[in-house]
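# Observations on the model geometry
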Amino acid sequence: MSGEEATPVPGHGSVAVLIPCRNEAATVAAVVADFQRVLPDATVHVFDNASTDETAALARAAGACVHPVARPGKGNVVRKMFSDVEADRYVMVDGDATYDAAAAPQLLQRLDDGALDMVVGARTSDGGDDERHRTGHRSGTRLFGWLYRHLFAIEFTDVFSGYRVFTRRFVKSFPASTSGFDVETELIVHAAELQVEVAEVPTRYRPRPGEESKLNTVGDGFHILRSALRLYRDTRPVRFFGGLAAAITVLVLVLAEPIFVTYLDTGLVPRFPTAIGLAALEVIAVVLLAVGLVGDSLVRLRREQRRMVFLAVPRDRRAG
């Protein structure tokens, strides 16, 4: 990365490079230097999430603006980054030196040329990562990518990439309701909810230099699944609660069949407590469907409010 040449920042207006970090002393100085080299007119900000090593000192010595973030979790860091930094365009990248700084001008150019609001750097291996990039992580990324594409009707191939560029209006309208690393998927869902123009650009991805990944395949997988279900519940309540209601109704019909057949044959209702329980389950199904319908009305209102906030923020400060 040391051989990268400075590239003029495409377009006009200020650019902020946002680097969330926690215990990245081994790499943060190199990441700051690389982005200063390829985006010489940009301001580099490092947001230190309560690191216990020298991350903050090394980032400051490298020339970055360092901001402390006490509350743990990448979602909390992103919330503070987006609220505290003022710029016209934003580059967000992890501080672990896994992403290629040289791709930043290309991502910004794609943002400007297409009048887009978010461009994701889709990770591609350089061919030497297979032994160190665990199979479980790759399989999980593909599985959850498929899940998010089908749940939220999005076209991204890499929903977990930590390398993205945004317009000002996208950043300032993002609610950031999660606190953890699944904030990347919330950014994707936010774009889908606003129906803004987005794109992906393939970018080279490397393993963390000199150490194992911080990710836990099983634990993180359950966390991501829970987050996906929460986002689906909050953004698609009719489908979520209607699906639960339909599942309960099918279960009731299957369990009630013997009771119903006996009643037709004899005129008697056997296992009367079971029949009452099944009736109660069906009442629950109706309530769930009603919750979904009411929730859908609230989601539509919230979506319109979020859209109005998005439109109220100029694409860059020169237009304000």
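Worth saying up front: this structure is predicted, and the values here are computed from it rather than measured.

### Thoughts on the overall build of the protein chain
- Per the secondary structure count, the protein chain includes 10 helices and 7 strands.
- For the protein chain, with 320 residues in total, the buried portion stands at 46%.
- Once local pairs closer than 6 in sequence are excluded, the contacts in the protein chain between residues at least 24 apart make up 80%.
- Carbon and sulfur atoms provide 60% of the accessible area of the protein chain, an area that totals close to 15700 Å².

### Examining empty space enclosed by the protein
- Under the counting rule described, the total for this entry stands at 1 cavity of 30 Å³ or more.
- What the largest cavity holds in volume is close to 40 Å³.
- Lining the largest cavity are 10 residues, and of these Val31, Phe35, Asp94, Ala97 and Tyr99 sit closest to its centre.
- Across the lining of the largest cavity, the residue classes tally to 6 nonpolar, 1 polar and 3 charged.

### Some remarks on helix H3 (residues 74–84)
- For H3, the full list of buried residues reads Lys74, Gly75, Asn76, Val77, Val78, Met81 and Phe82.
- For H3, the elements touching its buried residues are strand E1 (15–21), strand E2 (43–48), strand E4 (89–92), strand E6 (164–167), helix H6 (168–173) and helix H7 (183–194).

### Observations regarding the nonpolar core
- Grouped together as the largest cluster of nonpolar side chains are 40 residues, with contacts concentrated most on Phe82, Met118, Tyr148 and Phe166.
- For this core, the elements supplying multiple residues, two or more each, are E1, H3, E4, strand E5 (118–125), helix H5 (135–152), H6, H7 and helix H8 (217–235).
- For this core, the element with the most residues is H7, which contributes 6 residues.
- Those residues in contact with Phe166 that lie beyond four places of it in its chain are Phe82, Asp88, Arg89, Tyr90, Met92, Leu111, Asp117, Met118, Val171 and Leu187.
- Residues Val38, Val46, Ala56 and Tyr163 belong to the second largest nonpolar core, which totals 34 residues.

### Describing the pattern of salt bridges
- Following the criterion strictly, the structure yields 14 salt bridges and no others.
- Between Glu193 and Arg303 there is a salt bridge, with its nearest N and O atoms 3.0 Å apart. Linking Glu193 in helix H7 with Arg303 in helix H10 (residues 272–312), this pair joins segments that are 110 residues apart in sequence.

### Comments concerning the sheet that holds strand E7 (residues 198–205)
- An order of E3-E2-E1-E4-E6-E5-E7 is seen for the 7 strands of this open sheet, with the pairing classed as mixed. In the strand order of this sheet, the two ends are held by strand E3 (65–68) and E7, each with one partner. For this sheet, the mean angle separating the axes of adjacent strands, direction not counted, is 20 degrees.
- Inspection of the sheet shows E2 paired to E3 by 4 bridges, in the parallel sense. Counted as the bridge partner of Asp48 is Pro68 from E3.
- Strand contacts of helix H1 (residues 28–38): E1, E2 and E4, with the helix running at about 160 degrees to E2, the strand carrying the most contacts.

### A closer look at the pairing of E5
- Relative to E6, E5 is paired through 3 bridges, and the arrangement is antiparallel. Directly across from Val120, in E6, lies its bridge partner Arg164.
- Of the strand pairs in this sheet, E5 and E7 are connected by 8 bridges, and their pairing is parallel. Looking across to E7, one finds that Val119 is bridged to Ala199.

### Side note on the side chain of Glu186
- Assignment of secondary structure puts Glu186 in helix H7.
- When near neighbours in sequence (up to four residues on either side) are disregarded, Glu186 contacts Phe174, Ala176, Ser177, Thr178 and Leu231.

Procedures and definitions
- Residues numbered from 1 in each chain as written.
- Predicted model: local features only at pLDDT ≥ 70, side-chain atom pairs only at ≥ 80, totals over all residues.
- Heavy atoms only, no water.
- Helix = DSSP H or I, 4+ residues; strand = E, 2+ residues; numbered from the N terminus.
- Buried < 20%, exposed > 50% of the residue type's maximum accessible area, 1.4 Å probe, protein only.
- Contact = heavy atoms within 4.5 Å.
- Areas by Shrake-Rupley, 256 points an atom, 1.4 Å probe, with all protein chains shown as cover.
- 1 Å grid on protein atoms, 1.4 Å probe; cavity = no way out; pocket = protein on both sides within 12 Å on 5 of 7 lines; lining within 4 Å.
- Points joined across faces, edges and corners; volume = space filled by probe spheres on them.
- Nonpolar A, V, L, I, M, F, W, Y, C, P; charged D, E, K, R; others polar.
- Core = buried A, V, L, I, M, F, W, Y, C linked by side-chain atoms within 4.5 Å.
- Salt bridge = Lys/Arg side-chain N within 4 Å of Asp/Glu carboxyl O.
- Pairing = 2+ DSSP bridges.
- Axes fitted to C-alpha atoms, helices over the stretch in contact; angles between N-to-C directions.

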